[in-house]
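# Overview (structure and organization)
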Amino acid sequence: MRDFSDVVKDLLRLHSSMNGDGRIHNFGAGPAGLPLEVIREVIESLPNLNDSGFGLLEISHRSEVFQKVIDDARECVRRVLEIPDEYEVLFLQGGASLQFYMTALNILREGEKADYLITGGWSKKALKEAKRIGDAKEIWGDEVNGFKNIPQNGDYEIREDSVYLHYTSNNTLYGTQYHHLPKSSGKPLIVDASSDITGVDIDISRHDIVYAGAQKNLGPSGVTLVILSPWAVSRIRDDIPTMLDYNTHIEKGSMFNTPNTFGIFVLGRVFSWLERNGGMKGAIKRNEEKARLLYGELDRTDFWEPHAAIDSRSKMNVTWRLKNKSLEDVFLKEALENQLGGLKGHRSVGGIRASLYNYISVDSVINLVTFMRGFEEKYKNYENIN
Ligand SMILES: Cc1ncc(COP(=O)(O)O)c(C=O)c1O
């Protein structure tokens, strides 16, 4: 039999983990941190979901209890993102990476044209998949400049007979982001919004397909939010494989096969948390403040070298190098010692990347900026010393 004091220790450990003790400020680019309130809801639902007697990981997707979970999640997504009633909302699997292919497969016919704005590695991957289906073309790209820029309207020409324009609203790797709706010359717009959906204002009604992997702002990995306009639905081909056909998932309410029940539950709780915390307006305000604080520090001294061009800076992923690159590993190590984690830049840019997704609080950013100031003070004469 277990000693009573072991049980008490277990309870104390559970209690402190539910209070977030020992958690770092997670600036990771994804899978990213989640609000502690949501983590608590997950912990509470694991043994028994909504008093059903079935645990969250053990419940049938065909049960009434799970049907309510998915219906509530969908409704909350619709409310928070102000999705027009006639749009479809799907929870799919395969990540945003599968959407690179599925969007083109469902919408394009052989030989038809689609135009792509190439602002980073993810747009390139989207284009590569679309080329398997039709005449997909890069009409604007910034690889020669290391993907520091977003196209400004007027920088590119959309082909007259192109079916749609595809863009990536936020470039997670390079830290650039559109601050305007790209000019599409009246063509339908498809957006990969994986790393800024619910972080900034995205007018769903002006897009025809919006897709996003959940693991940044929306929940855990393994569930992908896909939003389709009536135009997109009207274009769906009827000669494509069942699982890749949007109609399959529309007709079965995202439950043609076993969905990611856990991911959908968490996504629903994240949207509900957002709704309780001021909805999109609240998120936008907090994210603007966070970005202002961090870019303010990056512009304060040339000890830091921000990557993105000023007018293309992302509010979600902030990327920079240290002027003295040999200090970058020291920066990351000392940051972690100060409970600031997930800051290593993607290998395509190197250096540092701080992701400021919704879960990251203004306080976390203040902690980061305070650490950065101390670090600069400590190492600004480093070259001289050595
Ligand atoms: C903008 C963007 N698009 C697509 C992807 C790929 O997403 P997934 O891993 O869900 O396929 C990512 C992942 O980081 C991303 O940031």
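Before reading further, recall that the structure is shown in the block above.
These numbers were taken from a predicted model, which means no experiment stands behind them.

## A closer look at unusual backbone geometry
A cis geometry characterises the amide bond from Gly30 onward to Pro31, with omega recorded as -5°. Summarising the element assignment, Pro31 is placed in the loop between strand E1 (25-26) and helix H2 (36-45). Although it is not a glycine, Ser185 adopts a positive phi angle of roughly 50°. Structurally, Ser185 is set in the loop between strand E7 (176-177) and strand E8 (189-192). Residue Ser254 is not a glycine yet carries a positive backbone phi of 65°. Locating Ser254 in the fold gives a position in the loop between helix H7 (246-251) and helix H8 (261-276). What makes Ser254 buried here is its relative accessible area of 4%.

## Concerning the environment of Ala291
Within the secondary structure, Ala291 sits in helix H9 (residues 279-300). Take Ala291: its relative accessible area is 4%, and that puts it in the buried class. When the C-alpha atoms of Ala291 and Lys315 are compared, they prove to be 5.3 Å apart, with 24 residues separating the residues in sequence. Residue contacts for Ala291: discarding those within four places in its chain leaves Gly296, Lys315 and Leu356.

## Thoughts on the pattern of salt bridges
Counted according to the given criterion, the structure contains 23 salt bridges. As a salt-bridge pair, Arg79 and Glu275 come within 2.7 Å of each other at their nearest N and O atoms. One end of the pair, Arg79, is in helix H3 (residues 64-81); the other, Glu275, is in helix H8, with 196 residues separating them in the sequence. According to the relative accessible area criterion, Arg79 is partly exposed, its value standing at 47%. A salt bridge links Asp135 to Arg159; the nearest nitrogen and oxygen atoms lie 3.2 Å apart. One end of the pair, Asp135, is in strand E4 (residues 135-141); the other, Arg159, is in the loop between E4 and strand E5 (162-168), with 24 residues separating them in the sequence. Of the residues examined, Asp135 reaches a relative accessible area of 30% and is grouped as partly exposed. The class of Arg159 is buried, set by a relative accessible area of 16%. Residues participating in the shared-partner salt-bridge network are Glu297, Arg300, Arg373 and Glu376.

Cut-off values and rules
Residues numbered from 1 in each chain as written. Predicted model: local features only at pLDDT ≥ 70, side-chain atom pairs only at ≥ 80, totals over all residues. Heavy atoms only, no water. Helix = DSSP H or I, 4+ residues; strand = E, 2+ residues; numbered from the N terminus. Buried < 20%, exposed > 50% of the residue type's maximum accessible area, 1.4 Å probe, protein only. Contact = heavy atoms within 4.5 Å. Salt bridge = Lys/Arg side-chain N within 4 Å of Asp/Glu carboxyl O.

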